[in-house]
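What the coordinates show
The lines below spell out each chain.
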Amino acid sequence: MNFKSQAIELHNFLLEYYPIWGQEIMDEYPKTIKDYPSPWIEELNQLNQEELFLIDSKQSFNKIKSKDFILFLERIQKITNISKIEETPELALEDWAYTGVKLKKRHEIQKIVPKIKNIFENNMITHINDIGGGVGHLSRILAHYHFIPTFSIDQNKTFQEIGEKRMKQFRKIPDAAKVTFINMKFGEDQHTQQVFTPESFSIGLHTCGNLAIKLLETNIEKKTMGLLSFGCCYHLIKRDSQFFLSDYYLKNNFLKLNLYGLSLATRSHAETNFANYLKKEKVKNYRYGFHLFMMKHFNRTDLLDIGECPLHTYDKPVSHYIMTKLATCNIIHSFDHNYIEQFFNSPEIQKELRTMFLCNIIRWQIGRVLEVFLLIDRCLFLEENGYDVKLEQYFKEALSPRNLGILGVLAPKK
């Protein structure tokens, strides 16, 4: 893969559509609606919920007739096309091996262990570092069934105590390697020197926010044999200090992603079903309904971040949701539930909510572009520091939507 040429394509796209992904619909609403091509909105407005779901979930764009809209969607598919790893047979392990392992984790282990085993057997590696190892499921599979010594590193002592207790209960395979639990906040010098050696290889399976970046930097600094990194929770990245990593992105003054862009990248690729789509539509309508209520009754547009709610909140009438938010925001009022229900269900407000949700269907398509753009910066950073790098899809979206893995192996010295 030519990371530089793909980065340019992604960057050009993001520059062109910055007004869409660079802010939320409610940010400076209603001016934001003008950033969305009105013919696209009108076309989506002719579709029913099932047809919109197929577009939102990227399953089918057959109902779209606008050439510009089709080109927009096809362009996204082209510039975010990341190859899948070669399919490997399921690891033939006893059921006991996966005791306590959830389906998602089991799927991830099945996909990455063959890669790790191949790298371990074909390079001068003494051990694996499992970053954010938790209770040690991955470390145990590597050590007990594939004879690879593993350090399971996590700052959560409770998880590790559970893991150590379970480890004593699992059946031992003859000649099994050792799992060593290290409790540390990533980057502590004492343990960093111990585990990040030139003969080590690291795995960061869904390392959140800055942890994924720290993992890359540490492996480069210690000149380890390599790493396999899966990032997540991009919205937790410290944007001032950790953009960008590669000299290529910096020298070309590539557009930095704001919090809106990082949040969109984080949830860009989760496979969904129709029931979840309907729930998402309802959540957005409730949230936007509250904002419209505040705008029209209090001339307030400053309450963009109103916090998350448990999903069961949206099973109650919208008036309950808005009343709760008014109380949370310490808004004094004399409105009752009947008035709020009438306001929310009025034709005028329903039309606005429909338009806003249709805009979001367009906006959400850009999430994968943002994620790939972010990860290619990391790939180039590793390349610039002497690693051979691959960016591939490892997992099924339905089970693990953060499915893009960066594999970097230190290139042989010429």
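See the structure printed just above.
Below you will find a few notes about this structure. (Residues numbered from 1 in each chain as written. Predicted model: local features only at pLDDT ≥ 70, side-chain atom pairs only at ≥ 80, totals over all residues. Heavy atoms only, no water.)

**Some remarks on the packing of aromatic side chains**
With the rule as written, the count across this model stands at 29 aromatic pairs. Measuring from ring centre to ring centre gives 4.9 Å for F230 and F395, while their planes differ by 25°; the resulting arrangement is stacked. Here F230, found in strand β5 (residues 226-232), pairs with F395, found in the loop between β6 (387-393) and β7 (404-410); they are 165 residues apart in sequence, far enough to count as distant. Note on accessibility: F230 and F395 belong to one class, buried. Ring centres of Y286 and Y321 lie 5.6 Å apart, and the angle between their planes is 55°; this geometry places the pair in the tilted category. In this pair, Y286 sits in helix α13 (residues 274-298) while Y321 sits in helix α14 (residues 318-328), placing the two residues 35 residues apart along the sequence. Counting every residue linked through ring pairs, the aromatic cluster contains F13, Y17, W40, F69 and F72. Across from the ring centre of Y98, 4.1 Å away, lies the NZ or CZ of R106, which sits over that ring. (Phe/Tyr/Trp six-rings, centres within 6.5 Å; stacked < 30°, edge-to-face > 60°. Helix = DSSP H or I, 4+ residues; strand = E, 2+ residues; numbered from the N terminus. Buried < 20%, exposed > 50% of the residue type's maximum accessible area, 1.4 Å probe, protein only. Lys NZ or Arg CZ within 6 Å of the ring centre and 35° of its normal.)

**Things to note about the environment of H333**
Summarising the element assignment, H333 is placed in the loop between α14 and α15 (337-344). The partly exposed category is assigned to H333, whose relative accessible area is 28%. Non-local contacts of H333, meaning those with residues more than four positions away in its chain, are made with F298, M323 and L326. Side-chain polar atoms of H333 contact the backbone nitrogen of F335, separated by 3.0 Å. (Contact = heavy atoms within 4.5 Å. Polar contact = N/O pair within 3.5 Å; in protein donor to acceptor, adjacent residues only side chain to side chain.)

**Some details on the pattern of salt bridges**
Pairs may arise between side chains of opposite charge once their charged atoms sit close together. Across all of its chains, the model carries 16 salt bridges by this definition. Residues K222 and E221 are paired through a salt bridge, measuring 3.6 Å at the closest nitrogen-oxygen approach. You can call E221 exposed: its relative accessible area is 54%. Several salt bridges share partner residues, and in doing so they unite E24, R267 and R363 into one network. (Salt bridge = Lys/Arg side-chain N within 4 Å of Asp/Glu carboxyl O.)

**Some remarks on the sheet that holds strand β3 (residues 179-183)**
Spatially, seven strands are ordered β3-β2-β1-β4-β5-β7-β6 in an open sheet, and the strand pairing comes out mixed. The open sheet has two edge strands with one neighbour each: β3 and β6. Neighbour-to-neighbour, the strand axes of this sheet turn through a mean angle of 15°, independent of strand direction. Where β5 meets β7, four bridges bridge the pair, whose relative direction is antiparallel. Looking at β7, one finds that S229 is bridged to I406. Where helix α8 (residues 157-169) meets the sheet, its contacts fall on β2 (150-154) and β3, and the angle it forms with β3 comes to roughly 160°. (Pairing = 2+ DSSP bridges. Axes fitted to C-alpha atoms, helices over the stretch in contact; angles between N-to-C directions.)

Geometric descriptors of this kind do not, in isolation, establish any biological role.
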